[in-house]
Amino acid sequence: MNTQLSPNIAKVKAKSQLRLKWNQFWREIRRDSFLYLFLAPFLICFLLFIVIPVIMAATLGFTSYDGFGSLHFIGIDNYISLFTQDIIFLTKAIPNTFLFALIVGPGGYILSFLFAWLIHQLPLRIRDYYTLAFYAPSMAGGVALSVVWIATFSGDRVGYFNNFLLEMGWINSPVIWLQDPKHLLNIMIIVSLWVSFSVGFLAMLAGLQTVNRELYEAGRIDGISSRLQEVFYITVPSMKPQMLFSAVMSIVGTLKAGGISTQLTGMPITPSYSGHLIINHIDDYAFIRFELGYASAVSVMLLLISYFAMRFAYRLFGSKEEL
C-alpha cells in the first residue's frame with residue numbers, strides 16, 4: 001500500500017515546493033520592484049538587442065531566406081553544408097580565426113596586465129597620462145587604423161615600413177603588404193595587439209588599485225622576496241574578478257574583430273581569403289550573397305565558440321560559485 005502511495009505523495013510534495021518557490025519569487029519581485037525599475041533600461045536594451053536577435057538568428061539558421069521572399073524551413077541543412085561543403089569556412093575562416101584568437105587574445109591579455117602593472121608602479125601624478133596614452137588607440141579605432149597603419153604598410157616607397165626596409169637595404173623593391181596573402185594576417189594580428197588596451201586594460205588597472213597593501217607586507221614576512229612572486233602569489237589572486245572581466249572582454253573583442261581586414265584592405269573579401277575570419281564569413285553570406293539563413297547558422301556557431309571560450313575563462317579566473 002505504501003509503495004503505491006509514495007510516488008503520489010512525492011509528486012504532491014514537489015508541486016507544493018514548486019508553488020512555494022514561485023510565490024517566494026514573486027514576493028521578492030514585488031518587494032524589490034523599485035530596484036527593478038532602475039534595472040529596466042538595461043533589461044529592455046538587453047532583451048531588444050541581445051536576446052531577441054540571438055533567438056532570431058537561431059531560428060533563421062534552420063531556414064533558407066534571402067531577406068525578401070518567404071522563409072523555407074530546411075532543418076539542419078545549413079549546418080550540414082557548413083561542415084561538409086563550405087571549403088572557405090573549413091580551410092580559411094576557422095583556421096584564421098583560431099590562429100588570430102590564440103595570438104591576439106592571450107597576447108593582448110598578457111600585454112594589458114603587464115602594462116597596467118607597470119603603470120601602477122608609476123607616481124600617481126603621471127599615472128593618468130600613461131593610462132590615456134595606452135587607452136587612446138582603442139578609442140581611436142577605425143580612424144587610427146586608416147591613418148596610421150595604412151600609411152605604415154602602404155605598398156609604395158613612401159610607406160613608412162617599406163621606406164625603412166629600403167633605407168636599411170633589407171628589400172630591393174616595395175612590398176605590397178596589405179594585398180599580399182602571406183603578410184595580411186600577420187599585420188592584422190599586430191594591429192589588433194596595438195588596439196587591445198581597451199576596457200579590460202582599464203579594469204586591470206582599477207583592480208591593481210584595490211589590492212590590499214597589507215597583503216604585500218604579510219607576504220614578505222612569509223618569505224616572498226621578489227616582485228614577480230608578489231604578482232603570482234598576491235596580485236593576481238587578489239584581482240581575480242577584474243582578471244575574469246578582462247578575459248571575457250578580450251575573448252569577445254577577438255572573436256568579433258572581423259572589421260580589421262576590411263579597414264586595412266578596403267575590401268570586404270581579402271585577397272585569397274588570407275585575412276578571412278568567421279565574422280567576415282557571416283558578412284559575406286549576409287550582406288553580399290543575401291543568404292541570411294546560412295549566415296545565421298554561421299553566427300550561431302560563432303556564438304557557441306564564444307560561449308565555450310568564456311566558460312574556459314570562468315574556469316581559470318572565476319570562483320567556484322560561478323562555474
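Residues numbered from 1 in each chain as written. Predicted model: local features only at pLDDT ≥ 70, side-chain atom pairs only at ≥ 80, totals over all residues. Heavy atoms only, no water.

### Side note on the nonpolar core
Defined as follows: As used here, the term nonpolar core means buried Ala, Val, Leu, Ile, Met, Phe, Trp, Tyr and Cys residues forming a set that is joined through side-chain atoms within 4.5 Å. Note on classification: 1.4 Å probe, protein chains only; a residue is buried when its accessible area is under 20% of the maximum for its type, exposed when over 50%, partly exposed between these limits. Comment: elements are numbered from the N terminus, with helices defined as DSSP H or I runs of at least four residues and strands as E runs of at least two. Whether two residues are in contact is decided by their heavy atoms: any pair within 4.5 Å suffices.
Phe113, Met204, Met243, Ile278, Ile282 and Val298 are the most contacted members of the largest nonpolar core, which totals 37 residues. Going through the elements one at a time, helix 3 (77–84), helix 4 (87–120), helix 9 (199–209), helix 11 (227–238), helix 12 (240–255), helix 14 (278–288) and helix 15 (292–317) are the ones with two or more residues in this core. For this core, the element with the highest residue contribution is helix 15, accounting for nine residues. Aside from chain neighbours lying at most four places away, what touches Ile282 is Ala295, Val298, Ser299 and Leu302. Ranked by size, the runner-up nonpolar core spans 19 residues in total, among them Val104, Ile260, Leu264 and Leu277.

### Focus on the layout of surface pockets
How we decide: In the cavity and pocket records, a cavity denotes points on a 1 Å grid over the protein atoms alone where a 1.4 Å probe fits but cannot get out, a pocket denotes an open set with protein on both sides within 12 Å along at least 5 of 7 lines, and lining residues are residues with an atom within 4 Å of a point. Grid points are joined across faces, edges and corners, and a volume is the space filled by probe spheres set on the points. For this classification, the nonpolar set comprises Ala, Val, Leu, Ile, Met, Phe, Trp, Tyr, Cys and Pro, the charged set comprises Asp, Glu, Lys and Arg, and every other residue, Gly included, is treated as polar.
Roughly 590 Å³ of internal volume is contained in the largest pocket. For the lining of the largest pocket, the elements supplying multiple residues, two or more each, are helix 4, helix 5 (124–140), helix 6 (142–152), helix 9, helix 12 and helix 13 (259–265). In terms of residue class, the lining of the largest pocket is made up of twelve nonpolar, 17 polar and one charged.

### Some remarks on the environment of Asn162
Heads up, the condition is: Polar contacts here mean pairs of N or O atoms no more than 3.5 Å apart (in protein, one a potential hydrogen donor and the other a potential acceptor; neighbouring residues in sequence count only if both atoms are side-chain atoms).
Relative to the helices and strands, Asn162 is located in helix 7 (residues 160–168). For Asn162, a relative accessible area of 0% translates into the label buried. With 129 residues separating them along the chain, Asn162 and Ser33 place their C-alpha atoms 63 Å apart. Residue contacts for Asn162: discarding those within four places in its chain leaves Thr152, Ser154, Gly155, Asp156, Ile171, Pro174, Val175 and Trp177. Reaching out from Asn162, the side chain makes a polar contact with the backbone oxygen of Val175 at a distance of 3.0 Å.

### Quick word on helix 9
Note: α-helices contain 3.6 residues per turn, so residues at a spacing of three or four share the same orientation. Among all positions in helix 9, only Gly200, Phe201, Ala203, Met204, Leu205, Gly207 and Leu208 are buried. Those residues of helix 9 that are buried are in contact with helix 4, helix 5, helix 11 and helix 12.

### Side note on the side chain of Thr131
Mapped onto the elements, Thr131 comes out in helix 5. Given the relative accessible area of 12%, Thr131 is considered buried. Setting aside anything within four residues of it in sequence, one finds Thr131 in contact with Ile119, Phe201, Leu202 and Leu205.

### Here we look at the pattern of salt bridges
Selection rule: By definition here, a salt bridge exists when the distance from a side-chain nitrogen of Lys or Arg to a carboxyl oxygen of Asp or Glu is within 4 Å.
Inspection of the entire model under this criterion finds four salt bridges. The partner of Arg289 in a salt bridge is Asp284, and the shortest N-O contact between them spans 3.0 Å. Judged by relative accessible area, which is 37%, Arg289 ranks as partly exposed. One connected set of salt bridges, linked through shared partners, spans Arg220, Arg227 and Glu230.

### Brief notes about the packing of aromatic side chains
Keep this limit in mind: Two rings from Phe, Tyr or Trp (for Trp, the six-membered ring) form a pair when their centres sit within 6.5 Å of each other. Planes less than 30 degrees apart are called stacked, planes more than 60 degrees apart edge-to-face, and all others tilted. In our convention, an over-ring charge means Lys NZ or Arg CZ found within 6 Å of a ring centre and within 35 degrees of that ring's normal.
Considering all chains together, one arrives at 18 aromatic pairs under this definition. Seen in terms of ring centroids, Phe68 and Phe290 are 6.0 Å apart; in terms of plane orientation they differ by 50°. Their pairing is tilted. Of the two residues, Phe68 is situated in the loop between strand 1 (63–64) and strand 2 (72–73) and Phe290 in the loop between helix 14 and helix 15; the sequence distance between them amounts to 222 residues. Aromatic side chains Phe161 and Trp177 sit 5.0 Å apart centroid to centroid with 55° between the ring planes, which places their arrangement in the tilted category. Here the residue Phe161 occupies a position in helix 7, and Trp177 occupies one in the loop between helix 7 and helix 8 (184–194), the gap between them amounting to 16 residues. By relative accessible area, which is 30% here, Phe161 ends up partly exposed. By the ring-pair criterion, three or more aromatic residues cluster together here, those being Trp149, Phe153, Phe161, Trp177 and Trp194. The residue whose ring lies beneath Arg289 is Tyr285, and the NZ or CZ to ring-centre distance is 4.3 Å.

### A closer look at unusual backbone geometry
Phi is mostly negative for residues that are not glycine, and the peptide bonds are mostly trans. In this structure, Ser272 takes a positive phi of about 55° despite not being glycine. Within the secondary structure, Ser272 sits in the loop between helix 13 and helix 14. With a relative accessible area of 51%, Ser272 lands in the exposed category. Phi at Phe290 is positive, roughly 55°, even though this residue is not glycine. On the basis of relative accessible area, Phe290 is assigned to the partly exposed category, the value being 39%.

### Remarks on the environment of Ile288
Looking at the element boundaries, Ile288 is found in helix 14. Note on Ile288: relative accessible area 44%, which makes it partly exposed. Distance in space between the C-alpha atoms of Ile288 and Leu316 is 39 Å, their sequence separation being 28 residues.

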